[in-house]
Amino acid sequence: MPLIRLMAWLSCTLGRAPTRIILHGIAVYFVIFGGRARRSSRHFLKRALGREPNLVDKYKLFFHFSTCLHDRVFFLRNQDWRFDIVRHGLELFEETQGALLMGAHLGSFEALRAAGRTRARRRVVMAMFEDNARKINRVLHAIAPDAMSDVVGLGRVQSMLELAENLEQGSLVGVLADRTLGDEPVMMVDFLGTPAPFPTGPMRMAAALRQPVIFMAALYRGGNKYEMYFELLADFSKLEGVSRAERGVLVENAVRAYAARLEHYARLSPYDWFNFFDFWALRK
């Protein structure tokens, strides 16, 4: 935490450009000493690029990762003006009251929250498992204490009630739906040429809350540029009279649609893949 606070203070005191020098050192460190992160990112890049990744490919991925973490400081502190952001699909938010945003460990989630806040004029709440929520809250408190109220921990009795209340108020609920903790149901779906386990929990949650699901991705494009994409994946707002079996089919179709769009954007911007474990392995 002291290091995070120091980096946040330096970034806001000196500005974005001077403190970006440190990011090159972080990227080189991960390329050399990254361990599991280096191995898993190599496996991903080999599939996404269709060839064996070289040192430049590995460096670019970890530099994108470091950049998105660094830029989180400015997005959390409402300094969106520092960035050149292109947005696609914002018109979807004109047609929805609340919605679940299904993202992944691809690009910048904080940039997406900023887009919801400043462009869609919506509060964006982040839903995650309780243990992860505690960890992220510590980081948010070090950077921007006001952002802590935008995290809802899952796995508690009142979690669904809190999410439902936020949605009724017109908030957007963001979920990173590409990762499972190992004890929830998964579907094996083809991803970059090999079946991978995708959790069904996020889509089942959307069905239980009767909400539309919007895929989201904010890709880093170099310099101070980001490009954001929003696409409608499924709409669970009209499930009246739908049987449990039919709802299960709708959930499975939505998971497949999510995996297909994630593959599309992973190929479009492979250096924005920050899911640092063996994505194709079944967790035990």
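Scroll up to find the structure this text is about.
Residues numbered from 1 in each chain as written. Predicted model: local features only at pLDDT ≥ 70, side-chain atom pairs only at ≥ 80, totals over all residues. Heavy atoms only, no water.

A. View of a nonpolar patch on the surface. Together, V28, Y29, I32 and F33 make up a nonpolar patch on the protein surface, roughly 420 Å² of accessible area in all. F33 sits in the exposed class, given a relative accessible area of 57%. (Patch = residues over 30% accessible without salt bridge, like charges linked within 9 Å, V, L, I, M, F, W, Y side chains within 5 Å. Areas by Shrake-Rupley, 256 points an atom, 1.4 Å probe, with all protein chains shown as cover. Salt bridge = Lys/Arg side-chain N within 4 Å of Asp/Glu carboxyl O. Buried < 20%, exposed > 50% of the residue type's maximum accessible area, 1.4 Å probe, protein only.)

B. Here's a closer look at the packing of helix α4 (residues 36-49) against helix α5 (residues 55-76). Close contact between α4 and α5 brings their axes to 10 Å; oriented N to C, the two are set at 110°. One way to sum up the angle between α4 and α5 is to call them roughly perpendicular. In this structure, the crossing between α4 and α5 has a hand that is right-handed. Residues A37, R38, S41, R42, L45 and L49 of α4 touch α5, and the partners they reach there are D57, K58, L61 and F62. Class assignment for the residues of the contact of α4 with α5 results in 5 nonpolar, 1 polar and 4 charged. (Axes fitted to C-alpha atoms, helices over the stretch in contact; angles between N-to-C directions. Helix = DSSP H or I, 4+ residues; strand = E, 2+ residues; numbered from the N terminus. Parallel < 35°, antiparallel > 145°, perpendicular 65-115°, else oblique. Left-handed = near helix turned anticlockwise from the far one by under 90°. Contact = heavy atoms within 4.5 Å. Nonpolar A, V, L, I, M, F, W, Y, C, P; charged D, E, K, R; others polar.)

C. Representation of the packing of α5 against helix α6 (residues 109-118). In the contact formed by α5 and α6, the axes pass within 9 Å of each other and the chain directions differ by 20°. Looking at the two axes, α5 sits roughly parallel to α6. For the element pair α5 and α6, the recorded crossing hand is left-handed. Here R72, F75 and L76 of α5 come into contact with α6, specifically with E110, A111, R113, A114 and R117. Residues that form the contact of α5 with α6 fall into these classes: 4 nonpolar, no polar and 4 charged.

D. Quick peek at the packing of aromatic side chains. Scanning the model with the defined rule gives 28 aromatic pairs in all. Centre to centre, the rings of F75 and Y226 are 5.6 Å apart; their planes meet at 80°, and the pair counts as edge-to-face. With a gap of 151 residues between them, F75 in helix α5 and Y226 in strand β9 (residues 225-235) connect regions that are remote in the sequence. Accessibility expressed as a relative area gives 1% for F75, which makes it buried. Y226 gets classed as buried once you look at its relative accessible area, which sits at 1%. Here a set of aromatic residues connected by ring pairs shows up, and it is made of F44, F191, F198, F215, Y229, Y258, Y265, W273, F277, F279 and W280. Looking at R47, its charged tip hangs above the ring of W280, at a distance of 3.9 Å from the centre. (Phe/Tyr/Trp six-rings, centres within 6.5 Å; stacked < 30°, edge-to-face > 60°. Lys NZ or Arg CZ within 6 Å of the ring centre and 35° of its normal.)

E. Region of interest: the sheet that holds strand β8 (residues 212-220). On the basis of which strands lie adjacent, the open sheet formed by 7 strands has the order β1-β9-β8-β2-β5-β3-β4 and mixed pairing. Since the sheet does not close on itself, it has two edges, and those belong to β1 (84-88) and β4 (151-154), each with one partner. The mean angle between the axes of side-by-side strands here comes to 30°, regardless of whether they run parallel or antiparallel. Pairing between strand β3 (residues 124-129) and strand β5 (residues 172-176): 3 bridges, direction parallel. The partner of M126 across the bridge, within β5, is G174. (Pairing = 2+ DSSP bridges.)

F. Representation of the pattern of salt bridges in the model. Per the stated rule, a full pass over the model turns up 8 salt bridges. Across the salt bridge formed by E227 and R221, the nearest N and O atoms sit 3.2 Å from each other. The class of E227 is buried, set by a relative accessible area of 18%. When the shortest N-O distance is used, the salt bridge between E263 and R267 registers 3.6 Å. Of this pair, E263 and R267 are both found in helix α10 (residues 244-268), 4 residues apart, which corresponds to roughly one turn of the helix. Through salt bridges with shared partners, a single network forms among R42, K46 and E52.

G. Broad picture of the nonpolar core. In terms of nonpolar packing, the biggest core is built from 85 residues, with F191, F198, M203, F236 and Y258 touching the most fellow members. Excluding residues within four positions of it along the chain, Y258 makes contact with M102, G103, A104, A177, D178, F198, M203, F215 and L233. Formed by 5 residues, the second largest nonpolar core is a distinct cluster that contains A8, V73, I143 and A144. (Core = buried A, V, L, I, M, F, W, Y, C linked by side-chain atoms within 4.5 Å.)

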